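Observations on chain architecture
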Amino acid sequence: MMLSTAPGFTEEATIWVRADGSNFMPQIVEAFNKGHENQIKLDIIPTAELVQKYATAAAGGTAPDGLSLDLIYTPAFAAAGQLEDITDWAKGLSYFDQLSPAHVKTGTYKGRIYGLPFSADSSVLIWNKKLFREAGLDPDKGPANWAEIEADAEKVNALGGEVKGFYFSGNCGGCNIFTFMPLVWASGGDLLSDDGTKATVDTPQMRDAIAFYRSMVEKGLVPEGAQTDSGANFFAAFAAGNIGIAPSGAFAIGALNTQYPDIEYGLTYLPGKEGGWSSFAGGDNFVVTKGTPKLAVLKEFLDYAYSLEGQTLLASRGSLPVRGDIAKEALKGLDPRYQTAADAMAKGKTPYSVVFNDIINSQNGPWVQMVNEVFFGDDVDGSLATAQETMQSIIDAGGANQ
C-alpha cells in the first residue's frame, strides 16, 4: 500500500474519554474533524471503568492513541511507564505558562511532563436564593466563612418541613476531597505533602473543619440520608430545591440552568474558617499512550482545543477554560457564575499521589472511612490516627513499587 506516503493522506487517531466528558468531548471532536484533514475517532467509556480498561489495554498493546484522563490518575499511569513523555512538546507551547497549574502539576512525574490540561471543573459553594429570601437572609449574599455558612444554614433550617440547611455526601471519598478539603486548604492545612510522599491528616485545620461539619450534623441542619450517601445525591439533593447551602462543582451551573431552570441559586467560593477561599481543581489531563505513531495528529487536536475557538466551545459546554490568558474571552457571553468558577479553578489545588485511588477514591480506602466516622461517629481522635497510619502505609508501599 503506497497510500500512506501520498500527499494529503489522512491519518486517524483514537482517543478515549470518560462518560463524565460526554457533554463536551463529542462536540470538540466533531468541530476538529470538520476543519482538519486528519481525524479523531472518539470512544466514550463508562466513568467507573475507564482507569481499569486503559490499564488493561495499555498492558495488552490495544490502548487508544491518547485519552482525556481524570487528572488525579496521571501520576499513577506515568509511574507505570504507560504514557509518552511530552515535555518538549509542552514546553514548546507559547502559552505553556498560562496552562492550569494544578493540571500541569499532576501531569508531571519525576520532573517530566506526561499530561497537559484538557477539561476543567472546580469546587464551589451554592445556595438556594428562594430559601434564603424566605428565611429573611439576603438572597444575593453568599456566606464568606464557616460561621456564616452555619448561621445561614440554621435560619434556612428553621423554615421546617422538608427543608434542611446544608447538604454533603457523607460516604463519598471523591465528593469530600472535592468539596471538604478546600475548606481545610483555605484555612492553611493540607492532607498530603506537595510531592505526595507524606500523609498530613491530623492538623489543627482538619480538626477545625471536622468540628464545623459535626456541629451542623448535631444541630440537625443536614438530612439524615447524608450519612449513607456515597455520591448519588451529591448534586440531586440541592437540585430537589429543599437544601439551603451545598458544596458542589462548576458543572452544577450548566446542570441547574438546563435541567432545573426554576431553581434560583447563587454561587461563591468555598471559604476558610475566617475567610479566604480555595477549590479543588478537577477535570482531565490529555495524555498520550507511550509509543503511539499518531503523535502529530494528537498535537494538532490539542492545538485546536487550546485555541480561542476550542476553549470557547469547551466553555459553552460547561468545561472551564484551562488557558488563563484567554479564559475571560472564552467565557464572554456565558452565565457570569462560570467566571467565579474559573477563578476558583485557577487558584485551585489537586492532591498529588501515585496511589490516589487507593487512599482517596476507593470505597474501602482510608479517606472514605475517615470522613464518614469523623462527621458522624464518636471517636474523632481514633479515626484520624487510623487514617494517618493507613494512608502513610499505602503511600510507602506504592512508592516502593516504582
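Read on for a plain summary of the structure. Note that this is a predicted model, so its numbers are computed, not measured. (Residues numbered from 1 in each chain as written. Predicted model: local features only at pLDDT ≥ 70, side-chain atom pairs only at ≥ 80, totals over all residues. Heavy atoms only, no water.)

Looking at the overall build of the protein chain
A count of helices and strands for the protein chain gives 19 helices and 12 strands. Taken over C-alpha atoms, the radius of gyration comes to 22 Å for the protein chain, in line with the 21 Å a tight globule of 402 residues would show. With respect to the three principal axes, the spread of C-alpha positions in the protein chain is 75 × 50 × 30 Å. A total of 402 residues make up the protein chain; the buried ones form 54% of that total. In the protein chain, once contacts between residues fewer than 6 apart in sequence are set aside, the share between residues at least 24 apart is 76%. Total accessible area on the protein chain is roughly 16500 Å²; 50% of this is exposed by carbon and sulfur atoms. Side-chain charges in the protein chain split into 29 positive and 48 negative, and the spacing between the mean points of these groups amounts to 3 Å. (Helix = DSSP H or I, 4+ residues; strand = E, 2+ residues; numbered from the N terminus. Rg over C-alpha atoms; globule rule 2.2 N^0.38 Å. Buried < 20%, exposed > 50% of the residue type's maximum accessible area, 1.4 Å probe, protein only. Contact = heavy atoms within 4.5 Å. Areas by Shrake-Rupley, 256 points an atom, 1.4 Å probe, with all protein chains shown as cover. Lys, Arg positive; Asp, Glu negative; His and termini not counted. Charge placed at Lys NZ, Arg CZ, Asp CG, Glu CD.)

A word on helix H14 (residues 308–316)
Gly310, Gln311, Leu314 and Ala315 are the residues of H14 that are buried. Buried positions in H14, seen along its axis, are confined to an arc of 130 degrees and lie on one side of it. Just beyond H14, the residue with positive phi is Gly318, at close to 100 degrees. (Arc of directions from axis to C-beta.)

Focus on helix H12 (residues 251–259)
Helical periodicity: at 3.6 residues per turn, an α-helix aligns residues three or four positions apart in one direction. Among all positions of H12, only Ala252, Ile253, Ala255 and Leu256 are buried. On its buried side, H12 packs onto strand E6 (115–128), helix H11 (236–239), strand E8 (243–249), strand E9 (265–268) and helix H16 (337–346).

Examining the packing of aromatic side chains
Under the criterion given, the structure shown has 26 aromatic pairs. An angle of 35 degrees between the planes, with centres 6.1 Å apart, marks the rings of Trp127 and Phe132 as tilted. Just as Trp127 is buried, Phe132 falls in that class too. A centroid spacing of 5.0 Å and a plane angle of 75 degrees characterise the contact between Phe180 and Phe375, whose relative ring orientation is edge-to-face. Taken as a pair, Phe180 in the loop between helix H8 (173–179) and helix H9 (181–185) and Phe375 in helix H18 (residues 366–376) lie far apart in primary sequence, 195 residues in all. For the pair Phe180 and Phe375, one class covers both residues: buried. The cationic tip of Arg323 hangs over the ring face of Tyr95; the distance from NZ or CZ to the ring centre is 3.9 Å. When the ring centre of Tyr265 is taken as origin, the NZ or CZ atom of Arg337, which lies over that ring, is 3.8 Å away. (Phe/Tyr/Trp six-rings, centres within 6.5 Å; stacked < 30°, edge-to-face > 60°. Lys NZ or Arg CZ within 6 Å of the ring centre and 35° of its normal.)

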